[in-house]
Amino acid sequence: MPLGTATFTVDLRARHDHERDDSVTSLEAVLREICERRGLRYRLTELHAASAVQCADRLLDAAREGVDAVQRPEPPTLFSPAGHDGMAV
């Protein structure tokens, strides 16, 4: 890696594909503006993309029941598109 190079990854997830895609567009606009202002360059490389998948209601219900069983005030809502976890199965 050349001197003065920074590399980082961003894992973007959303309930719907268009929301994730809008976030990518916004992120790229910010990168472009910063680089133009500072005389830098950037390269955006998409390593993986998968369509949003909603978690099954029965799994959401099971998660809520599990949280309720330990008497939390309000169970969190699991929205994360579960494809990244299910791909290994």
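Residues numbered from 1 in each chain as written. Predicted model: local features only at pLDDT ≥ 70, side-chain atom pairs only at ≥ 80, totals over all residues. Heavy atoms only, no water.

1. Concerning the overall build of the protein
Moving on, step 1. The secondary structure content of the protein amounts to three helices and zero strands.
Moving on, step 2. When the elements of the protein are put in sequence order from the N terminus, they spell out α-α-α.
Moving on, step 3. In the protein, which comprises 89 residues, the share counted as buried stands at 10%.
Moving on, step 4. A fraction of 52% describes how many contacts in the protein between residues 6 or more apart in sequence connect residues 24 or more apart.
Moving on, step 5. Here the protein has roughly 7,800 Å² of accessible surface; of this, 54% comes from carbon and sulfur atoms. (Helix = DSSP H or I, 4+ residues; strand = E, 2+ residues; numbered from the N terminus. Buried < 20%, exposed > 50% of the residue type's maximum accessible area, 1.4 Å probe, protein only. Contact = heavy atoms within 4.5 Å. Areas by Shrake-Rupley, 256 points an atom, 1.4 Å probe, with all protein chains shown as cover.)

2. A closer look at the pattern of salt bridges
Moving on, step 1. Going through the model one piece at a time under the given rule, you end up with five salt bridges.
Moving on, step 2. Close ionic contact of Arg20 with Asp21 constitutes a salt bridge, the shortest N to O distance being 3.1 Å.
Moving on, step 3. Taking relative accessible area as the criterion, Arg20 reaches 18% and is therefore assigned buried.
Moving on, step 4. Relative accessible area serves as the criterion here: at 37%, Asp21 is assigned to the partly exposed category.
Moving on, step 5. A salt bridge links Arg64 to Asp61, with the nearest nitrogen and oxygen atoms 3.3 Å apart. Here Asp61 and Arg64 lie together in helix H2 (residues 57-69), a separation of three residues that amounts to about one turn.
Moving on, step 6. You can call Arg64 partly exposed: its relative accessible area is 28%.
Moving on, step 7. One salt-bridge network, in which partners are shared between bridges, spans Asp17, Arg20 and Asp21. (Salt bridge = Lys/Arg side-chain N within 4 Å of Asp/Glu carboxyl O.)

3. Some remarks on the environment of Asp11
Moving on, step 1. Mapped onto the elements of the fold, Asp11 is located in the segment before helix H1 (17-38).
Moving on, step 2. C-alpha of Asp11 to C-alpha of Ala49: the two residues are 38 residues apart in sequence and 10.0 Å apart in space.
Moving on, step 3. A distance of 2.8 Å separates a polar atom in the side chain of Asp11 from a polar atom in the side chain of Arg13. (Polar contact = N/O pair within 3.5 Å; in protein donor to acceptor, adjacent residues only side chain to side chain.)

4. Quick look at the confidence of the model for the protein
Caution applies to low-pLDDT parts of the model: their predicted coordinates are not meant to be read in detail.
Moving on, step 1. Overall, the prediction assigns the protein a mean pLDDT of 82, with 76% of residues at 70 or greater.
Moving on, step 2. Element-level mean pLDDT values for the protein span from 60 in helix H3 (residues 83-86) up to 95 in H1. (pLDDT = per-residue confidence, 0-100.)

5. Topic: H1
Moving on, step 1. For H1, spanning 22 residues, the distance from its first C-alpha to its last is 32 Å, which sits close to the expected 32 Å at 1.5 Å a residue.
Moving on, step 2. Where H1 is concerned, the buried positions are Arg20, Leu31 and Cys35. Viewed along the axis of H1, the buried residues span an arc of 45°, placing them on a single side of the element. Exposed positions of H1 whose direction lies more than 90 degrees from the buried face are Thr25, Glu36 and Arg37. (Expected span 1.5 Å × (residues − 1). Arc of directions from axis to C-beta.)

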